[in-house]
Amino acid sequence: MPAPADPATTVPALPELDHERWMREAIAEARVAESHGDVPIGAVVVATPPGGEPAIIGRGRNERELTEDPTAHAEILALREAAAHGGSWRVLDAVLYVTLEPCAMCAGAIVLSRIPHVVYGCTDPKAGACGSVLDVTAEPRLNHRPRVDGGVLADACADLLRSFFAARRGARAGT
């Protein structure tokens with residue numbers, strides 16, 4: 001007889017979504033962040049109600065500079081909105097799309113929110129916590145481990161960041 005499924009590793013089956021479609025929505029949020037001087041990182045949380053169509057239930061964009069809040073990362077803001085939408089701190093039966101691999105703080109929030117699936121655009125070789133530098137989301141000692149898929153529209157996501165930082169370097173150099 002097979003062993004019972006470990007609830008910490010069991011991710012509920014979600015309807016397959018068009019990852020590129022929803023990542024484009026996250027990219028649109030990243031552009032909003034850039035418009036107010038923040039690093040262009042965006043996120044959306046998508047859920048499909050039973051018998052319904054997928055819809056965004058949470059949006060976020062990096063707002064650290066705008067709000068002077070070190071926790072105002074795109075993922076945190078999108079998860080907060082999604083939790084408020086669902087009336088629970090648990091963000092179940094949803095997918096988080098984010099343009100950059102989540103950092104340790106955001107990966108911790110992902111685990112704590114119980115969101116079952118994360119899709120990110122480009123990796124973060126300096127602070128990524130979904131496999132690049134750390135892997136908080138796969139830590140076996142934690143009680144939830146979401147499915148994580150990276151590389152969706154990675155070039156478009158990375159280009160946003162590259163152009164943002166190139167412009168900042170140019171502005172500091174006086175060009």
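Scroll up to find the structure this text is about.
Computed from a predicted model, the values in this text were never measured in an experiment. (Residues numbered from 1 in each chain as written. Predicted model: local features only at pLDDT ≥ 70, side-chain atom pairs only at ≥ 80, totals over all residues. Heavy atoms only, no water.)

Asks: So, the nonpolar core: which residues are in play, and what are the values?
Replies: Counting residues in each nonpolar core, the largest one holds 43 residues, and the members touching the most others are Met-23, Val-45, Val-91, Leu-96, Tyr-97 and Ile-115. Mapped by element, the contributors of at least two residues to this core are helix 1 (19-35), strand 1 (42-47), helix 3 (74-86), strand 3 (94-100), helix 4 (104-113), strand 4 (117-122) and helix 5 (154-173). Residues within four places of Leu-96 in sequence aside, it is in contact with Ala-43, Val-44, Val-45, Glu-75, Ala-78, Ile-110, Ile-115, His-117, Val-118 and Val-119. (Core = buried A, V, L, I, M, F, W, Y, C linked by side-chain atoms within 4.5 Å. Buried < 20%, exposed > 50% of the residue type's maximum accessible area, 1.4 Å probe, protein only. Helix = DSSP H or I, 4+ residues; strand = E, 2+ residues; numbered from the N terminus. Contact = heavy atoms within 4.5 Å.)

Asks: Let's hear about the pattern of salt bridges: which residues, and what values?
Replies: Evaluation of the coordinates by the stated rule reveals eight salt bridges. Residues Arg-24 and Glu-20 are paired through a salt bridge, measuring 3.5 Å at the closest nitrogen-oxygen approach. With Arg-24 and Glu-20 both in helix 1 and four residues apart, the pair spans about one turn of that helix. A relative accessible area of 46% means that Arg-24 is categorised as partly exposed. In this structure Glu-20 comes out as partly exposed when scored by relative accessible area, which is 39%. Here the salt bridges do not stand alone but share partners, grouping Glu-25, Glu-29, Arg-59, Arg-61 and Glu-63 into one network. (Salt bridge = Lys/Arg side-chain N within 4 Å of Asp/Glu carboxyl O.)

Asks: A description of the sheet that holds strand 1 should follow, citing residues and the corresponding values.
Replies: As summarised here, the arrangement of the five strands in space is 2-1-3-4-5, forming an open sheet in which the pairing is mixed. Strand pairing shows two members of the sheet lacking a second neighbour, strand 2 (55-61) and strand 5 (147-150), which therefore form its edges. Adjacent strand axes in the sheet meet at a mean angle of 15° when their direction is disregarded. Against the sheet, helix 1 engages strand 1, strand 2, strand 3 and strand 4, with an angle of about 140° to strand 1. (Pairing = 2+ DSSP bridges. Axes fitted to C-alpha atoms, helices over the stretch in contact; angles between N-to-C directions.)

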